[in-house]
Amino acid sequence: MGKVIVVTSGKGGVGKTTSSAALGAALAQGGEKVVVVDFDVGLRNLDLVMGAERRVVYDLVNVIQGEAKLTQALIRDKRVETLYLLPASQTRDKDNLTEKGVEAVIGALKANFDWVICDSPAGIERGATLAMRHADIAVVVTNPEVSSVRDSDRIIGLLDSKTLKAETGERIEKHLLLTRYDPARALRGDMLKVDDVLEILSIPLLGIIPESMDVLRASNIGSPVTLADQTSAPAIAYFDAVRRLRGEQIPVTVPGEKRSFLGKFFGRKAA
Amino acid sequence: MLTQPRPIRLKGRSYLALTLTPEQPFEDWLVRLDDLASRSAGFFLRRPVVLDVAGLDIDRAELRELVTKLTARQVRIMGIEGASSALLGSDLPPAMANGRTTADFEPPAAAEKTEDHSSVGAAPAVPDLPKAAPSLIVTQPVRSGQSVVFLEGDVTIVGSVASGAEVVAGGSIHIYGTLRGRAMAGTTGNAAARIFCRKLEAEMIAIDGFYKTADDMEPADRGKAVQAWLDGETFKVEALA
């Protein structure tokens, strides 16, 4: 059985879709079978970021409503053969996602893939709660600024109450992915410090992705940054994050700082 | 509620009341009561009395008759404890619950009342409490949008209270972490309730309906370990040493 990851944030524009694609591509390059599911029905973007927009025939809503088989809707990536995409519908709205339907689709994907990555829409409504519903692991994408941190805090609260794991008394594994981290602005004190974000959210840190033109460039050519430019700083940060997802203990480095934050952050992991 | 201009403040308050525990047969018990009353005239006059009927095999008509007989003896029953709700109608005094026993009463002295009665979960300073006041301990951070409500007593949070989260307690609030959201203590009318936190970054704190928003707080108190309490109608915030 595969593991289900939800990539969520509450706030929009923080990098959920970029991170879903980058994490998916990085995991798949290790040889594991990965599917990235776009839950943003009505405002789909994952197909663009993954460069599959011209090959979308059926989508998640078609599968849920029984209009297409799961295998018909899945799109295999042209670059990494173990990477798949299940696109969202652009013409329907989120009311077409039913709880039973989502459960059936996630169940089928879990049986066939090592990792199922659910790209959550922004907000805390139906689309977002259904995306997190069946997750084993949550990656909370946060920018180092107050509104993003507060929204993430809200989402963590929902992860602890509205997911299937929470309702059956288990605890969902939660990780913080700090994105769009700008070393220059951090130096000027324009952003929240990594320490402050960790203190407020008190969940373990999965990685810090530096703000970079490489990310934007990769999105525009329809390629996850972990495929487009594997030696760029954000790609390396995503690869490290994936190794941590697999359970490896490797130090987190704050972009722009030489010294390792191993002791500092791994000391707080239990928080 | 607090944003409305003139809200009605509902408060709970606890008082001492004399408790009578009748025994069956009531005729004999009433004779003994008359005997006691004859020794200290006017003893029951103007005194709030609660009738404790717990454990008695009694029906509604008998209860009403007993109350009538007591009223004839100038014993005014303000409430009835230990009766099932089916036993009490609108023609009988209201039900009382959660009373705490204080020191035994000395009839001849006729000085102090005997029984403490808390109507809404306040915690008065009464010695020899048979039961500890209830409290709630939360060992996780209180996240934005979450609300911890515990009107029965104190709330202790081992962790932080996030911006956009709130903690509402009938008693005091203790936060072993940073308070970034709202804390409302003593909401059931307990002006003696306090708020303690390891680091004050609160959006709002309130005790017994009096409140302070972040703007009203002293900048010097922010980021510090503080306690907040009410001194009359004045809100006090002081750094903990």
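Residues numbered from 1 in each chain as written. Chains lettered and ligands numbered in written order. Predicted model: local features only at pLDDT ≥ 70, side-chain atom pairs only at ≥ 80, totals over all residues. Heavy atoms only, no water.

Draft legend 1. Region of the structure containing the overall build of chain B. Helix and strand counts for chain B come out as two helices and 17 strands. When burial is assessed residue by residue, chain B has 43% of its 241 residues classed as buried. (Helix = DSSP H or I, 4+ residues; strand = E, 2+ residues; numbered from the N terminus. Buried < 20%, exposed > 50% of the residue type's maximum accessible area, 1.4 Å probe, protein only.)

Draft legend 2. Spatial organisation of the confidence of the model for chain A. Averaged over every residue, the pLDDT of chain A is 91; residues scoring 70 or more account for 94%. Ignoring residues within four places in sequence, the model shows residues 267–271 of chain A, a span with pLDDT below 50, making seven contacts including any to other chains. (pLDDT = per-residue confidence, 0-100. Contact = heavy atoms within 4.5 Å.)

Draft legend 3. Local environment of the pattern of salt bridges. Residue and element names in this part refer to chain A. Scanning all chains against the criterion turns up 25 salt bridges over all chains. Two residues, Arg133 and Glu99, come together in a salt bridge whose shortest N-O distance is 3.1 Å. Highlighted residues: Arg133 in helix α6 (residues 126–133) and Glu99 in helix α5 (residues 99–112), separated in sequence by 34 residues. A salt bridge links Asp136 to Lys165; its shortest N-O distance comes to 4.0 Å. Placement of the pair is Asp136 in the loop between α6 and β6 (137–142) and Lys165 in helix α8 (residues 164–167), with a sequence separation of 29 residues. Note on Asp136: relative accessible area 17%, which makes it buried. (Salt bridge = Lys/Arg side-chain N within 4 Å of Asp/Glu carboxyl O.)

Draft legend 4. The interface of chain A and chain B, seen in detail. Every contact between the two is made by 11 residues of chain A and, on the other side, 14 residues of chain B. Contact between chain A and chain B buries roughly 930 Å² in total, counting both sides, with carbon and sulfur atoms accounting for 36%. The tally of links from chain A across to chain B stands at three salt bridges. Notably, a salt bridge pairs A:Arg150 with B:Glu203, separated by 3.5 Å at the nearest N-O pair. (Buried area = accessible area lost by both parts, 1.4 Å probe.)

Draft legend 5. Representation of the packing of aromatic side chains in the model. All names here are of chain A. Inspection of every chain in the model, using the stated rule, returns one aromatic pair over all chains. Considering the side-chain rings of Tyr84 and Phe113, the 5.3 Å spacing of their centres and the 75° angle between planes classify their relative orientation as edge-to-face. A residue pair is termed long-range when its members are at least 10 positions apart, and Tyr84 in strand β4 (residues 83–86) and Phe113 in the loop between α5 and β5 (115–119) qualify at 29 residues. Both residues of the pair, Tyr84 and Phe113, belong to the buried class. (Phe/Tyr/Trp six-rings, centres within 6.5 Å; stacked < 30°, edge-to-face > 60°.)

Draft legend 6. Representation of the environment of A:Val146 in the model. Residues and elements named next belong to chain A. Along the chain, the position of Val146 falls in helix α7 (residues 146–162). Residue classification places Val146 among the exposed residues on the basis of a relative accessible area of 62%. Residues Val146 and Met191, spaced 45 residues apart in sequence, show a C-alpha to C-alpha distance of 8.7 Å.

Draft legend 7. Geometry of the pairing of β5(A). Residues and elements named next belong to chain A. With five of five residues buried, β5 lies mostly within the body of the structure. As paired elements, strand β1 (residues 3–8) and β5 share five bridges and run parallel to each other. Paired with Ile5 across the two strands is Ile117, which belongs to β5. Across five bridges, the pairing between strand β2 (residues 34–38) and β5 is parallel. Across the sheet, Val37 pairs through a bridge with Cys118, a residue of β5. (Pairing = 2+ DSSP bridges.)

Draft legend 8. Quick peek at the confidence of the model for chain B. Residue and element names in this part refer to chain B. When the pLDDT values of chain B are averaged, the result is 81; 77% of them are 70 or greater. Low pLDDT, under 50, characterises residues 108–124; the stretch is placed with 54 contacts to residues that sit more than four places away or in other chains. In the predicted assembly, ipTM is 0.73 and pTM is 0.68.

Draft legend 9. Representation of the sheet that holds strand β7 (residues 135–138) of chain B within the structure. Residue and element names in this part refer to chain B. With mixed pairing, the six strands of this open sheet are ordered in space as β7-β9-β11-β13-β16-β17. The two strands at the open ends of the sheet, each matched to only one other strand, are β7 and β17 (234–239). Neighbour to neighbour, the strand axes of the sheet diverge by 20° on average, direction disregarded. In the sheet, strand β16 (residues 226–231) pairs with β17 via six bridges, with the strands oriented antiparallel. The partner of Gln227 across the bridge, within β17, is Glu238. (Axes fitted to C-alpha atoms, helices over the stretch in contact; angles between N-to-C directions.)

Draft legend 10. Region of interest: helix α13 (residues 233–245) of chain A. All names here are of chain A. The end-to-end C-alpha distance of α13, which contains 13 residues, comes to 19 Å, matching closely the 18 Å that a straight helix rising 1.5 Å per residue would cover. All of the buried residues in α13 are Pro234, Ala235, Ala237, Tyr238, Ala241, Val242, Arg244 and Leu245. At the C-terminal side of α13, Gly247 shows a positive phi close to 105°. (Expected span 1.5 Å × (residues − 1).)

Draft legend 11. Quick look at the side chain of A:Asp59. Checked against the element boundaries, A:Asp59 lands in the loop between α2 (46–49) and α3 (60–64). With residues near it in sequence (within four places) discarded, A:Asp59 still touches A:Ala73, A:Pro87, A:Ala88 and A:Ser89.

Draft legend 12. Structural context of the nonpolar core. All names here are of chain A. Ranked by size, the top nonpolar core spans 51 residues in total, and within it Val35, Phe39, Leu86, Leu97, Leu109 and Val116 carry the most contacts. Excluding residues within four positions of it along the chain, Leu109 makes contact with Val35, Val37, Leu70, Leu74, Leu86 and Val116. Counting residues in hydrophobic clusters, the runner-up holds 36 residues, among them Ala25, Ala218, Leu227 and Val242. (Core = buried A, V, L, I, M, F, W, Y, C linked by side-chain atoms within 4.5 Å.)

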